[in-house]
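# Chains, contacts and geometry: an overview
Residues per chain, in single letters:
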Amino acid sequence: MRESAAETAQVLRNCGVNATLYDDAAALAAIERANLVLVGVDMLTSSGLINKAGTKAMARAARAAGVPFYTLCGSEKFLPPGFQLDRVEAAPATGTRQAALPNLSELPFDFTPLELLSGIVTEQGILPIAAIEAWLAATRLHPALSHYSAETVY
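Residues numbered from 1 in each chain as written. Predicted model: local features only at pLDDT ≥ 70, side-chain atom pairs only at ≥ 80, totals over all residues. Heavy atoms only, no water.

### Some remarks on the sheet that holds strand E4 (residues 69-72)
Strand order in the open sheet formed by 4 strands is E1-E4-E8-E9, with mixed pairing between adjacent strands. The two strands at the open ends of the sheet, each matched to only one other strand, are strand E1 (37-39) and strand E9 (125-127). Sheet twist, expressed as the mean angle between neighbouring strand axes with direction ignored, is 30 degrees. Here 3 bridges tie E4 to strand E8 (residues 119-122), and the two strands are oriented parallel to one another. Each residue of the ladder has a partner; that of Thr-71, found in E8, is Ile-120. Sheet contacts for helix H3 (residues 55-65): E1 and E4; angle to E4, the most-contacted strand, approximately 145 degrees. (Pairing = 2+ DSSP bridges. Helix = DSSP H or I, 4+ residues; strand = E, 2+ residues; numbered from the N terminus. Axes fitted to C-alpha atoms, helices over the stretch in contact; angles between N-to-C directions. Contact = heavy atoms within 4.5 Å.)

### A closer look at a nonpolar patch on the surface
Where nonpolar side chains cluster on the molecular surface, the patch consists of Leu-36, Leu-38 and Leu-72 and spans about 230 Å² of accessible area. According to the relative accessible area criterion, Leu-38 is partly exposed, its value standing at 34%. (Patch = residues over 30% accessible without salt bridge, like charges linked within 9 Å, V, L, I, M, F, W, Y side chains within 5 Å. Areas by Shrake-Rupley, 256 points an atom, 1.4 Å probe, with all protein chains shown as cover. Salt bridge = Lys/Arg side-chain N within 4 Å of Asp/Glu carboxyl O. Buried < 20%, exposed > 50% of the residue type's maximum accessible area, 1.4 Å probe, protein only.)

### Topic: H3
Think of an α-helix as turning once every 3.6 residues; residues three or four places apart then point the same way. Of all the positions in H3, only Thr-55, Met-58, Ala-59 and Ala-62 are classed as buried. The buried residues of H3 occupy an angular sector of 100 degrees when the element is viewed end-on, so they sit on one face. Following H3 by one or two positions, Gly-66 has its phi on the positive side, about 75 degrees. (Arc of directions from axis to C-beta.)

### Considering the nonpolar core
In this structure, Val-37, Leu-44, Phe-69, Ile-120 and Ile-132 are the most contacted members of the largest nonpolar core, which totals 22 residues. Counting residues per element, the ones that place at least two in this core are E1, H3 and helix H4 (132-137). Per-element tally for this core: the top contributor is H3, with 3 residues. Excluding residues that lie within four positions of it along the chain, Leu-44 makes contacts with Leu-49, Cys-73, Lys-77, Phe-78, Leu-79, Leu-114, Ile-120, Ile-132 and Leu-136. With 5 residues, the next largest nonpolar core counts Ile-50, Leu-79, Phe-109 and Phe-111 among its residues. (Core = buried A, V, L, I, M, F, W, Y, C linked by side-chain atoms within 4.5 Å.)

Dropping the structure here:
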């Protein structure tokens, strides 16, 4: 079951975490006051995150402010080494990247390199960035993604 960001924030608050949900514009401004930044992710590769445009800017802002930056990522979003997207192209106005997947309208995505992350929060705990390659190598492609093929990877 996929939870919305608001539901996830409420679950964190129910667990005693002082979680505040921000929209994209307010999130960048709030990073300097944060103790931790937690974002979702659409896909995780051995070199970084693919998520909606703005994630990389938040990761850079968190690094500049000395604030830990984590992504919340279920293992169903892990892409094993060798899996490639059909097409990745630069978005003209923003310099972000767009990933066009079959049967989906093109939505703006960007690519956030793993080195900008403090870790990845999974259903099995926190995965340190140093272990991501080994973790992904042992990961099998989720059946929901198995029908996609590829030409280009980041």
